[in-house]
Amino acid sequence: MRAIASAAGVSPGLVIHHFGSKEGLRRLCDEHVVSALFDDHFEQNSSGSLVRSLAEQAGAASAGIDCVARMLVEPGTGGDELFNRLVVSSAHRLAAGQEAGTIRSGCDTRVTVLIVTVCELGQLVLRERFGSALGADPFSREGGGRLTAPTLDC
């Protein structure tokens, strides 16, 4: 809290007064990150992958990606909300693909949505390692194409 207060040019007491605790500050920051990610993404492209959008906006080692990774790994409502919203986003894309005939129906849709969401998050958080093992950036046309069929093949 002292480092945060110092960087903001205020006293630690003022930070505690405003946010209540370190956890309160983290919760508000997490809420801001989730809101900003979704608002920015859906203003620009409501049908695309949020994870792909994040990858395009930031390099693998960016602070935003680090924040998303921390939120998803550590217990807390921010990570829960982020993950749940990503699952809903994936479900919408899967349903649109099934309706358009580009994705086969008949699989356990809920499990498919979870697999797609977790696979995309893995690609984002482990992008450099994933790309090295795959031989292509997982968010490039080549890498994405190679990953899509096996992920959705039921």
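Residues numbered from 1 in each chain as written. Predicted model: local features only at pLDDT ≥ 70, side-chain atom pairs only at ≥ 80, totals over all residues. Heavy atoms only, no water.

1. Brief notes about the pattern of salt bridges
Quick reminder of the rule: Here, a salt bridge means any Lys or Arg side-chain nitrogen found within 4 Å of an Asp or Glu carboxyl oxygen. Here a helix means four or more residues in a row that DSSP labels H or I, a strand means two or more in a row labelled E, and each is numbered from the N terminus. Three labels apply to residues, based on accessible area from a 1.4 Å probe with only protein chains included: buried if under 20% of the type maximum, exposed if over 50%, partly exposed otherwise in between.
On inspection of all chains with the given rule, the structure shows five salt bridges. Where Glu74 meets Arg26, a salt bridge forms, and the shortest distance between an N and an O atom there is 3.0 Å. Here Glu74, found in the loop between α5 (63-73) and α6 (77-100), pairs with Arg26, found in helix α3 (residues 22-44); they are 48 residues apart in sequence, far enough to count as distant. Accessibility expressed as a relative area gives 35% for Glu74, which makes it partly exposed. Taking the shortest distance from any N to any O, the salt bridge between Arg70 and Asp30 comes out at 2.5 Å. Of the two residues, Arg70 sits in helix α5 while Asp30 sits in helix α3, which places them 40 residues apart along the sequence. Overall, the relative accessible area of 21% leaves Arg70 in the partly exposed class. One network of salt bridges, with partners in common, ties together Arg26, Asp30, Arg70 and Glu74.

2. Overview of the packing of α6 against helix α7 (residues 109-125)
The cut-off we apply is this: For helices, the fitted line uses only the C-alpha atoms of the stretch in contact; every axis is such a line through C-alpha atoms, and the angle between N-to-C directions lies from 0 to 180 degrees. When the near helix sits turned anticlockwise from the far one by under a right angle, the crossing is termed left-handed; a clockwise turn instead gives a right-handed crossing. Between two residues, a contact is recorded if the distance between any of their heavy atoms is within 4.5 Å. Three residue categories are used. Nonpolar comprises Ala, Val, Leu, Ile, Met, Phe, Trp, Tyr, Cys and Pro, charged comprises Asp, Glu, Lys and Arg, and polar comprises the others, including Gly.
In contact at an axis separation of 9 Å, α6 and α7 are set at 115° when each is read in the N-to-C sense. Two packed elements cross with a definite hand, and for α6 against α7 that hand is right-handed. Contacts from Phe83, Leu86, Val87, Ser90, Ala91, Arg93, Leu94 and Gln98 in α6 reach Thr109, Thr112, Val113, Leu114, Val116, Thr117, Val118, Glu120 and Leu121 in α7. Taken together, the residues of the contact of α6 with α7 break down into 10 nonpolar, five polar and two charged.

3. Some thoughts on the environment of Ser35
By the secondary structure assignment, Ser35 is in helix α3. For Ser35, a relative accessible area of 31% puts it in the partly exposed group. Distance from Ser35 to Leu82, taken between C-alpha atoms, is 9.1 Å for residues 47 residues apart in sequence.

4. Here we look at the nonpolar core
To keep it simple, the criterion reads: Residues belong to one nonpolar core when they are buried, are Ala, Val, Leu, Ile, Met, Phe, Trp, Tyr or Cys, and are joined through side-chain atoms within 4.5 Å.
Residues Val33, Val34, Cys67, Val68, Met71, Leu82, Leu86 and Leu121 constitute the largest nonpolar core, which totals eight residues. Counting only elements with at least two residues in this core, the list comes to α3, α5 and α6. Look past the residues within four positions of Met71 in its chain and what remains in contact with it is Asp30, Val33, Val34, Gly78, Gly79 and Leu82.

5. Side note on the confidence of the model for the protein chain
Inclusion rule: Note: pLDDT gives the predictor's confidence per residue, expressed from 0 to 100.
Confidence in the prediction for the protein chain averages 79 pLDDT; 79% of positions are at 70 or higher. At the level of individual helices and strands, the protein chain shows its lowest average pLDDT in helix α4 (residues 50-57), which scores 64, and its highest in helix α2 (residues 12-19), which scores 88.

6. Considering the environment of Ala91
Examined against the element boundaries, Ala91 turns out to sit in helix α6. C-alpha of Ala91 to C-alpha of Leu114: the two residues are 23 residues apart in sequence and 8.6 Å apart in space.

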